[in-house]
Amino acid sequence: MAATLNPSPVVFATPTSTPLTTQHEAKTMSKDSPPLVSFKHCTGLDELKQLHGQILKQGLNHNHSYISKVISTCAQMGTVESLTYAQKAFDLYKNDNETNGTLFMYNSLIRGYSCIGFAVEAILLYVELVGFGILPDKYTFPFVLSACTKSSAYREGIQLHGAIIKLGFENDVFAENSLIHFYGERGEIVDGRKVFEEMPERNVVSWTSLICAYARRDLPKEAVDLFFKMVEEGTKPNSVTMVCVISACAKLQELELGQRVCAYIGDLGMKVNTLMVNALVDMYMKCGAVDTAKQLFDECDDRNLVLCNTIMSNYVRLGLAREALAILDEMLLHGPRPDRVSMLSAISASAQLGDLLWGKWCHGYVLRNRLEGWDAICNAMIDMYMKCGKQEMASRIFNHISNKTVVSWNSLIAGLIKNGDVDSAREVFGEMPERDHVSWNTMLGALTQENMFEEAMELFRVMQREGIKADRVTMVGVASSCGYLGALDLAKWIYIYIEKNKILCDIQLATALVDMFARCGDPQSAMQVFNGMEKRDVSAWTAAIGAMAMEGNGERAVELFNKMLQQGVKPDGIVFVGVLTACSHNGLVEQGWHIFRSMKEIYGISPQIVHYGCMVDLLGRAGLLGEALDLIKSMPMEPNDVIWGSLLAACRKHQNVDMAAYAAERIIELAPEKTGVHVLLSNIYASAGKWTNVAKVRLHMKEKGVRKVPGSSSIEVNGKIHEFTSGNESHPEMNDISLMLHEMNCRLRDAGYIPDITNVLLDVDEQEKEYLLSHHSEKLALAFGLINTSQRMPIRVVKNLRMCSDCHSFAKLVSKIYDREIVVRDNNRFHFFKQGFCSCSDFW
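Only a predicted model underlies this, so the values are computations on that prediction, with no experimental measurement involved. (Residues numbered from 1 in each chain as written. Predicted model: local features only at pLDDT ≥ 70, side-chain atom pairs only at ≥ 80, totals over all residues. Heavy atoms only, no water.)

Visitor: Please explain the environment of Ser 682 as it appears in this structure.
Guide: Looking at where Ser 682 falls in the secondary structure, it is placed in helix α38 (residues 676-687). Put simply, Ser 682 and Ala 695 are 13 residues apart on the chain and 8.1 Å apart in space, counted from C-alpha to C-alpha. (Helix = DSSP H or I, 4+ residues; strand = E, 2+ residues; numbered from the N terminus.)

Put into C-alpha cells, the structure is as follows:
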C-alpha cells in the first residue's frame with residue numbers, strides 16, 4: 001500500500017472536462033442479481049468476498065451499482081485488509097469494463113483510505129480522479145482535505161481550497177468546515193479564521209473546529225472568547241466543543257472562567273461523557289481546585305486509563321506525590337491496569353518523595369511489563385534513583401539504555417548536579433555525542449548555583465564559539481553569574497546581546513537583568529530595565545528595591561515597596577528582607593520598625609531570623625545598641641551567629657568594647673569555626689587602644705591557627721584586572737602609584753583632610769600609622785585608576801573587606817577634588833562617591 005506523494009501541479013489542477021461517469025447514473029439490475037440489501041448483513045470481510053464472488057459468477061461485474069456497494073462496504077469496515085480488497089475490486093471493475101470508475105467509487109475509497117490514515121493513497125486517488133476528468137462533488141473535498149491534514153500536505157490543501165472556490169462549493173458548510181480544520185491543524189489560524197468569517201452559514205462543527213484550533217495552538221483566550229461568541233449567536237455547543245473550551249480554560253488556569261464555561265453544560269442539559277470528565281478534572285487540577293477535581297474523579301463510574309493518568313500527572317505536577325501514588329494503589333486493586341504513562345507519574349512521585357521503596361517497586365513493575373523500552377521511563381528512573389541517593393543505580397540504568405538520546409544524557413547530568421557532584425556532571429557533559437539547549441542550560445545553571453561564576457561565563461563563551469544560540473534560560477544564568485562577578489562592561493554586552501538576538505525578555509529574565517546591573521554597581525541601568533517591564537511580580541519589585549538599597553537610596557526603596565503594595569502585588573518574606581536592608585543602609589529606623597511590624601500584623605507573615613537580623617543591623621548601624629540587644633533577647637527563636645555578628649560589627653563602628661566582647665563570645669559558642677570573629681574583636685580592641693586585650697586575642701588566634709585575611713582591592717583597566725594588597729608594593733607601576741598617592745595626600749590635606757589613624761590596628765608610632773593608612777589597598781587602586789583612565793571616566797574598585805572610615809572619607813574627597821565618580825564595592829555594599837558625597841550617607 002506504500003505510495004509516494006508527488007502530484008504534479010498540472011494534474012492537481014481543478015478539472016474542467018465533462019465527467020465520464022457519475023454516481024448518479026441510472027442503475028440497471030438483473031432479475032437474478034443478488035439483492036443490495038444483503039450487503040447490509042455482511043458481518044465481515046469473508047462474507048463480503050463471498051457476495052462479491054456471486055456477483056462475478058453471475059457476470060455482473062459490469063454493474064457499477066453492485067461494485068460500488070462492494071467498495072463502499074469495504075471502506076466502511078475501515079481495515080487495511082478491507083481497503084486492499086476494495087482497491088482490487090475497483091481495479092478489476094475498471095479493467096473488465098475498460099472504464100475509469102464512478103465518482104461514488106472514488107469517494108468511497110478516498111474516505112476509507114483517509115479514515116485509516118493512508119493519507120497519501122487518498123490524495124493520489126483524488127489526483128487520478130481529476131486526471132480522468134471526473135468532477136469531484138461536495139462529498140469528495142472533506143475526505144481529501146482530511147488526508148492533506150494527516151499527511152501535512154499543505155501545498156495540496158491550498159490547491160484544494162482553490163478547487164472548492166472554482167467549482168462553486170465555497171458556500172458548502174461541509175467543505176468549509178474541512179478547510180477550517182485543515183488550516184487549524186496546520187497552525188494557519190488566520191487563514192482558518194478568514195474561511196470562518198466568510199461563511200454565509202455556520203454550524204456547530206464550524207465553531208468547534210476553530211475553537212479547537214485556537215486551543216491546540218496555545219491561544220486559549222481566543223478559544224474561550226470564540227466560545228462565548230458562539231453561544232451568544234445561538235449555536236448550541238456539543239461535547240467536542242466543551243472538551244476543547246474546557247482544555248483552553250485549563251491552559252489559562254483561571255478557575256472563575258472555567259466555572260462560567262462549565263455552567264453551560266448544565267444549562268444546555270448536556271450529558272457529561274468520559275472525555276468531558278477527563279477535561280474537567282484536568283481543568284480543575286490546573287486551576288488549583290484539587291478537591292473539586294477529586295470529587296469528579298470519585299463520582300465517575302467509568303474511571304478509564306486516560307482519566308486515571310490525568311489526575312495522577314496533575315498530582316505530580318502540583319507536588320502531591322502521595323496522592324498520585326494513592327491513585328496507583330486504586331488502579332492496582334480495581335483497575336484499569338497501569339500503563340507506561342501511569343508508571344511515568346508513579347516514578348516521578350517516588351522521586352519527589354525520595355521514597356526508594358516505592359521507586360524500586362515501580363522499577364520492578366516496569367521490568368515485569370516490559371515498559372523499559374520507553375525513553376521517558378528510563379529517564380524518570382534515573383532521576384528517581386538520583387533523588388533517592390542511589391547514584392550508582394542511576395548510572396547503571398543509563399548504561400543499559402541501548403539507544404541513548406540527548407534527554408537520557410540530560411537526565412544523568414541533572415541527577416548528578418542535584419546530588420552535588422558537579423565535577424562528574426561536567427565530565428558527562430564533555431562526553432555527550434550531541435547537546436541541546438537543555439544540556440548547556442543545565443550545566444550553566446549548575447555552575448552558577450555552585451558559585452562557579454567565572455566557569456559559567458567561560459562555558460557561555462564556548463557556546464558562542466560553537467555557534468549555539470542562547471535562549472532565555474541561558475541568559476538568566478549568564479546574567480546571574482555576571483552580577484556576582486560585578487563585571488559592568490560584560491553586563492552591558494549581555495544586555496545588548498539579548499536585544500540584538502531578540503531573546504524573549506520575560507519577567508524572569510528582566511528581573512535577572514535588574515539584579516545584574518544592581519550588583520555591577522549600575523543602579524540607573526537596573527531601574528531602566530525595571531521601568532521598561534510590562535508585567536512585574538514580587539521578584540521583580542524585590543530586585544528593584546535591592547538596586548536602590550545597594551545605591552544607598554533607602555527612601556526610594558521604601559517608595560517602591562509602597563508602590564508595589566498599591567498595585568496589589570502580595571509581598572513575601574524576601575521582599576521584606578530587601579526593604580529592611582535598604583532601611584538599614586540609610587538609617588531609616590522609624591520606617592524600618594513600621595515595615596517590620598506590618599509583616600505579621602497586616603500581611604500575616606511571621607518574621608524569620610533573617611528579618612530579625614535586618615532589624616538588629618538597622619538598630620546597630622544607627623547606634624541603638626541597647627535596642628538591638630533587647631530585640632535579640634526577645635526573638636522567638638534562638639539567635640544565630642549572623643545575628644550576633646551584626647551586633648558585633650555595630651559595636652566596632654560605635655566603639656562599644658564591652659558589648660562587642662559579649663557578642664563575640666556568643667559567636668564563638670555557636671560557630672567556633674568562624675575565624676573572622678577573632679580578627680574583628682582584635683580590631684575593636686585595637687581601635688580602643690586596649691593592646692593587652694589585642695595581644696590575648698591574637699595569641700588565641702595563633703594557637704587556633706587563625707590568620708587575618710589581608711585587605712585587597714582590584715580595578716579593571718582596558719580589560720585587564722589589577723589587584724592591590726595593603727602594604728604590598730610589588731605592582732610594576734608602583735613608582736608612579738606612590739607619586740600619585742603623594743600628590744593626592746597633599747591636595748586632600750590642603751582641602752582639610754586629616755588621616756584617621758584609629759583605623760591602623762597595630763601598636764606603632766603615629767608616623768608609621770599614617771604610612772600604613774596611606775597604603776590601604778583601595779587607595780592604591782584609586783591612585784592607579786587616576787593614572788590610567790581618562791578624565792571624568794568613572795573609577796570602579798572591588799574590595800574583599802569592608803571599607804574603613806578613613807578610606808571612606810578619603811574617597812569622598814578624591815571624588816570632589818579630581819571630579820571623578822568613584823564606585824567601591826566592598827564585602828557589604830556599594831559606595832557611589834560623587835562630588836564629595838557617598839550614596840551610603842556614611843551608614844557604611
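Visitor: In this structure, what is going on with the pattern of salt bridges? I would like to understand it.
Guide: Close approach of charged atoms allows side chains with opposite charge to pair. Across all of its chains, the model carries 28 salt bridges by this definition. The partner of Glu 330 in a salt bridge is Arg 303, and the shortest N-O contact between them spans 3.2 Å. Of this pair, Glu 330 sits in helix α17 (residues 321-334) while Arg 303 sits in the loop between α15 (290-299) and α16 (305-317); the two residues are 27 residues apart in sequence, bridging distant segments of the chain. Given a relative accessible area of 29%, Arg 303 falls into the partly exposed group. Between Asp 617 and Arg 621 there is a salt bridge, and its shortest N-O distance comes to 2.8 Å. (Salt bridge = Lys/Arg side-chain N within 4 Å of Asp/Glu carboxyl O. Buried < 20%, exposed > 50% of the residue type's maximum accessible area, 1.4 Å probe, protein only.)

Visitor: How should the pairing of strand β2 (residues 720-725) be read in this particular structure?
Guide: Residues in a regular strand project their side chains so that they alternate between the two faces of the sheet. When strand β1 (residues 712-717) meets β2, the two strands line up antiparallel, connected through six bridges. From the neighbouring strand, Ser 712 faces β2, where its bridge partner is Thr 725. Following β1, the chain reverses through two residues before pairing antiparallel with β2; Asn 718 in that reversal takes a positive phi of roughly 55 degrees. (Pairing = 2+ DSSP bridges.)

Visitor: Honestly, the pairing of β1 in this entry has me stumped. Any pointers?
Guide: The buried fraction of β1 is high, at five of six residues. Strand direction decides the pairing type here: β1 and strand β3 (residues 795-799), joined by three bridges, are antiparallel. Within β3, the residue paired with Ser 713 across the bridge is Lys 799.

Visitor: I tried to follow the sheet that holds β2 on my own but got confused; where do I start?
Guide: In a beta sheet, neighbouring strands are held together by backbone hydrogen bonds and run either parallel or antiparallel to one another. The strand order across the open sheet formed by six strands is β2-β1-β3-β4-β5-β6, and the pairing between neighbours is mixed. Looking at which strands have only one partner, the edges of the open sheet turn out to be β2 and β6 (837-838). For strand β4 (residues 822-825) and strand β5 (residues 830-834), the ladder comprises four bridges, and the chain directions are antiparallel. When the sheet's bridge partners are listed, Arg 825 is paired in β5 with Phe 830.

Visitor: Mind showing me how you'd approach the state of the cysteines here?
Guide: Cysteine pairs can be covalently joined through their sulfur atoms, and such a bond is termed a disulfide. In this structure the tally under the stated criterion is one disulfide. Note that Cys 212 is cross-linked by a disulfide to Cys 244, the S-S spacing being 1.9 Å. Since a negative S-S torsion denotes a left-handed disulfide, the Cys 212-Cys 244 link at about 90 degrees is right-handed. Of this pair, Cys 212 sits in helix α10 (residues 204-216) while Cys 244 is found in helix α12 (residues 239-252), placing the two residues 32 residues apart along the sequence. Both residues of the pair, Cys 212 and Cys 244, belong to the buried class. (Disulfide = S-S within 2.5 Å.)

Visitor: Help me understand the packing of aromatic side chains in this model?
Guide: The way to describe two aromatic rings as a pair is by their centre distance and the angle between their planes. Tallied over the full model, the rule gives 28 aromatic pairs. Linked through ring pairs, Tyr 126, Phe 141 and Phe 169 together constitute an aromatic cluster. Sitting above the plane of the Phe 228 ring, Arg 260 keeps its charged end 4.3 Å from the centroid. Taking NZ or CZ as reference, Lys 779 lies 4.7 Å from the ring centre of Phe 810, over its face. (Phe/Tyr/Trp six-rings, centres within 6.5 Å; stacked < 30°, edge-to-face > 60°. Lys NZ or Arg CZ within 6 Å of the ring centre and 35° of its normal.)

Visitor: I'm lost on the nonpolar core in this one. Help?
Guide: In summary, soluble globular proteins display a tendency toward joint burial of nonpolar side chains. Counting 230 residues, the largest nonpolar core has Met 475 and Leu 647 as the members making the most contacts within it. Counting residues per element, this core draws most heavily on helix α30 (residues 538-551), which supplies nine residues. Those residues in contact with Leu 647, other than ones at most four positions away along the chain, are Val 616, Leu 625, Ala 628, Leu 629, Ile 632, Met 659 and Ala 663. Listed in part, the 30 residues of the second largest apolar core include Met 740, Leu 780, Leu 786 and Val 814. (Core = buried A, V, L, I, M, F, W, Y, C linked by side-chain atoms within 4.5 Å. Contact = heavy atoms within 4.5 Å.)

Visitor: Explain the confidence of the model for the protein chain here, please?
Guide: The predicted structure's coordinates, where accompanied by low pLDDT, should not be read in detail. Per-residue pLDDT for the protein chain averages 87, and the proportion of residues at 70 or more is 90%. When mean pLDDT is taken per element in the protein chain, α16 scores highest with 96 and helix α41 (residues 766-774) scores lowest with 58. Predicted confidence is poor over residues 1-11, with pLDDT under 50, and the contacts of this stretch with residues over four places away or in other chains come to 23 contacts. Segment residues 16-32 is flagged for pLDDT under 50; beyond a separation of four residues in sequence, or across chains, it makes 28 contacts in the model. (pLDDT = per-residue confidence, 0-100.)

Visitor: Would you take a moment to explain the side chain of Glu 176 for this structure?
Guide: The topology assignment puts Glu 176 in helix α8 (residues 173-186). For Glu 176, which is buried and forms no salt bridge, the nearest opposite charge comes from Arg 202, at a distance of 9.2 Å. With near-sequence residues (within four places) excluded, Glu 176 lies in contact with Ile 164, Phe 169, Glu 170, Val 195 and Met 199. (Lys, Arg positive; Asp, Glu negative; His and termini not counted.)

Visitor: Help me out: how do you make sense of helix α7 (residues 154-166) in this one?
Guide: Three- or four-residue spacings in an α-helix give side chains the same orientation, since the helix completes a turn every 3.6 residues. In this model α7 runs 19 Å from its N-terminal to its C-terminal C-alpha over 13 residues, within 8% of the 18 Å that 1.5 Å per residue would give. Looking only at α7, the buried set comprises Glu 156, Gly 157, Leu 160, His 161, Ala 163 and Ile 164. Viewed along the axis of α7, the buried residues span an arc of 165 degrees, placing them on a single side of the element. The inward-facing, buried residues of α7 abut α5 (119-131), α6 (140-150), α8 and α9 (189-198). (Expected span 1.5 Å × (residues − 1). Arc of directions from axis to C-beta.)

Visitor: I tried to follow α15 on my own but got confused; where do I start?
Guide: Buried residues of α15: Val 290, Ala 293 and Phe 297, and no others. Across the axial projection of α15, the buried residues extend over an arc of 65 degrees, all falling on one side. Facing away from the buried side of α15, by more than 90 degrees, are the exposed residues Asp 291 and Glu 299.

Visitor: I tried to follow the packing of α7 against α8 on my own but got confused; where do I start?
Guide: Two numbers describe a pair of packed helices, the interaxial angle and the distance between the axes. Put simply, α7 and α8 touch, their axes get as near as 11 Å, and they point 155 degrees apart. By the angle class used here, α7 and α8 are roughly antiparallel. Handedness of the α7/α8 crossing: left-handed. Between α7 and α8, the contacting residues are Tyr 154, Gly 157, Ile 158, His 161 and Ile 164 on the first element and Ala 175, Glu 176, Leu 179, Phe 182, Tyr 183 and Arg 186 on the second. For the contact of α7 with α8, a count of residues per class yields seven nonpolar, two polar and two charged. (Axes fitted to C-alpha atoms, helices over the stretch in contact; angles between N-to-C directions. Parallel < 35°, antiparallel > 145°, perpendicular 65-115°, else oblique. Left-handed = near helix turned anticlockwise from the far one by under 90°. Nonpolar A, V, L, I, M, F, W, Y, C, P; charged D, E, K, R; others polar.)

Visitor: What am I meant to see in unusual backbone geometry here?
Guide: Apart from glycine, the bulk of residues carry a negative phi angle, and the bulk of peptide bonds sit in the trans form. In the segment running from Gly 335 into Pro 336, the intervening peptide bond is cis, with an omega of -5 degrees. With respect to the helices and strands, Pro 336 occurs in the loop between α17 and α18 (340-353). The backbone of Lys 502 shows a phi angle near 50 degrees, a positive value even though the residue is not glycine. Its place among the elements puts Lys 502 in the loop between α27 (488-500) and α28 (507-519). Using a relative accessible area of 76% as the deciding quantity, one classes Lys 502 as exposed.

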